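Observations on chain architecture
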Amino acid sequence: MLVENPLAGRERQELRDSLRSFPVGNYVIFYVPLPDGVEIVRVMHGRQDIGSDDMQ
């Protein structure tokens, strides 16, 4: 779904440039849209505290 609709997720500029997030069940997928798809940066449980250090 994200490959076909890479802008569907929420912008997360406060964590990293071009980063977006999309919730799936109890998890949050963090990704960067690319011209030919998406790059998955991290998958985290939705209850975790998320900071910019997690996206390095």
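Residues numbered from 1 in each chain as written. Predicted model: local features only at pLDDT ≥ 70, side-chain atom pairs only at ≥ 80, totals over all residues. Heavy atoms only, no water.

**Observations regarding the confidence of the model for the protein**
The cut-off we apply is this: Each residue carries a pLDDT score, the predictor's confidence in it, ranging from 0 to 100. We count a stretch as a helix when DSSP gives it H or I for four or more residues in a row; a strand needs E for two or more, and each element gets its number in order from the N terminus.
This prediction gives the protein a mean pLDDT of 90; 98% of its residues lie at or above 70. Highest mean pLDDT in the protein belongs to strand β1 (residues 10-11) (96); lowest belongs to strand β4 (residues 37-45) (94).

**Describing the sheet that holds β1**
Adjacent strands of a sheet pair through backbone hydrogen bonds, lying either parallel or antiparallel. Applied cut-off: Paired strands, in this sense, are two strands between which DSSP finds at least two bridges.
The four strands lie next to each other as β1-β2-β3-β4, forming an open sheet whose pairing is antiparallel. Strands with a single pairing partner mark the edges of an open sheet, and in this sheet they are β1 and β4. Here β1 runs beside strand β2 (residues 20-24); their pairing, made up of two bridges, is antiparallel. Bridge pairing in β2 links R10 to S21.

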